[in-house]
Amino acid sequence: LHQGAVVEGETPRYVVYCPKDEDDVAGRVEGLRHRFPEAPVLVLAPHAGDLPLARAALRGGARGFLHLGMQPSQVARAISLASEGEVVFPRELTAALINQENQPPDLQALTPRQREILGLVARGLTNAEIGRELFLTEGTVKQHLRAAYKVLGVGSRVQAARLLERHAR
């Protein structure tokens, strides 16, 4: 969100959020929804196929998912529909999200270190405690967790731990 795009005291008609790779997309979208409760929040991605980003956008309550490959008329239509209360996601992405929701996550896509750290998260350890146990800095633990969340399509340590617990059974 470009801060200059919003005049203090005015309510925008819509908000387009362009996340960075490491962003907590769900949390940022929620924050924008609280800051601008009357405006739909749409997430803009470099390409349509970013399923973890799309899932995080939905989790945060985004009304739409836009990507740079869309035609200007498609973007305008998506913004219009989102402003009318519709949830707008590309068809191919919606189908992929539904299909992926019905399949367990690929835990093998995690690195051994990510699995080890997530196991310690599931035991209730903090990042600092995990760092001490594995001789890592807290920042390195956070980096591993962010990467693991992206692979698993989750946005928090609680969601990751629940997912691991569910699939360990």
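For the structure itself, look to the data block above.
Residues numbered from 1 in each chain as written. Predicted model: local features only at pLDDT ≥ 70, side-chain atom pairs only at ≥ 80, totals over all residues. Heavy atoms only, no water.

A. Examining the pairing of strand 3 (residues 64–67) more closely. On strand 3, burial covers both faces: Gly64 and Leu66 on one face and Phe65 and His67 on the other are all buried. Of the strand pairs in this sheet, strand 2 (residues 41–45) and strand 3 are connected by four bridges, and their pairing is parallel. Bridged to Val43 within strand 3 is Phe65. Crossover strand 2 to strand 3 through helix 2 (residues 51–60) is right-handed. (Buried < 20%, exposed > 50% of the residue type's maximum accessible area, 1.4 Å probe, protein only. Helix = DSSP H or I, 4+ residues; strand = E, 2+ residues; numbered from the N terminus. Pairing = 2+ DSSP bridges. Right-handed = clockwise from strand over helix to strand, strands pointing away.)

B. Representation of the sheet that holds strand 2. On the basis of which strands lie adjacent, the open sheet formed by three strands has the order 1-2-3 and parallel pairing. Only two strands of the sheet have a single neighbouring strand rather than two, namely strand 1 (15–17) and strand 3. For this sheet, the mean angle separating the axes of adjacent strands, direction not counted, is 30°. (Axes fitted to C-alpha atoms, helices over the stretch in contact; angles between N-to-C directions.)

C. A look at the environment of Arg13. Mapping Arg13 onto the fold places it in the segment before strand 1. The sequence separation of Arg13 and Ser83 amounts to 70 residues, and the corresponding C-alpha distance is 7.3 Å. With residues up to four places along the chain from it excluded, the contact list for Arg13 reads Ala39, Pro40 and Ser83. (Contact = heavy atoms within 4.5 Å.)

D. Highlighting the packing of aromatic side chains. For the structure on display, the rule yields one aromatic pair. Relative to Phe89, the ring of Phe65 lies with its centre 5.8 Å away and its plane at 10°, an arrangement referred to as stacked. You can see Phe65 sitting in strand 3 and its partner Phe89 sitting in the loop between helix 3 (72–83) and helix 4 (91–101), a full 24 residues away along the chain. Each member of the pair, Phe65 together with Phe89, is buried. (Phe/Tyr/Trp six-rings, centres within 6.5 Å; stacked < 30°, edge-to-face > 60°.)

E. Looking closely at the packing of helix 1 (residues 25–35) against helix 2. At a closest axis distance of 7 Å, the pairing of helix 1 and helix 2 adopts a crossing angle of 35°. Note that helix 1 runs across helix 2; the crossing there is right-handed. On the side of helix 1, the interface is formed by Val25, Ala26, Val29, Glu30 and Arg33, while helix 2 contributes Leu53, Ala56, Ala57, Arg59 and Gly60. (Left-handed = near helix turned anticlockwise from the far one by under 90°.)

F. Structural context of the pattern of salt bridges. The tally for this structure, following the rule as stated, stands at one salt bridge. With its nearest N and O atoms 2.9 Å apart, the salt bridge here joins Glu116 to Arg113. Of the two residues, Glu116 and Arg113 are both situated in helix 5 (residues 112–122); the distance of three residues between them amounts to about one turn of the helix. For Glu116, a relative accessible area of 36% translates into the label partly exposed. Take Arg113: its relative accessible area is 29%, and that puts it in the partly exposed class. (Salt bridge = Lys/Arg side-chain N within 4 Å of Asp/Glu carboxyl O.)

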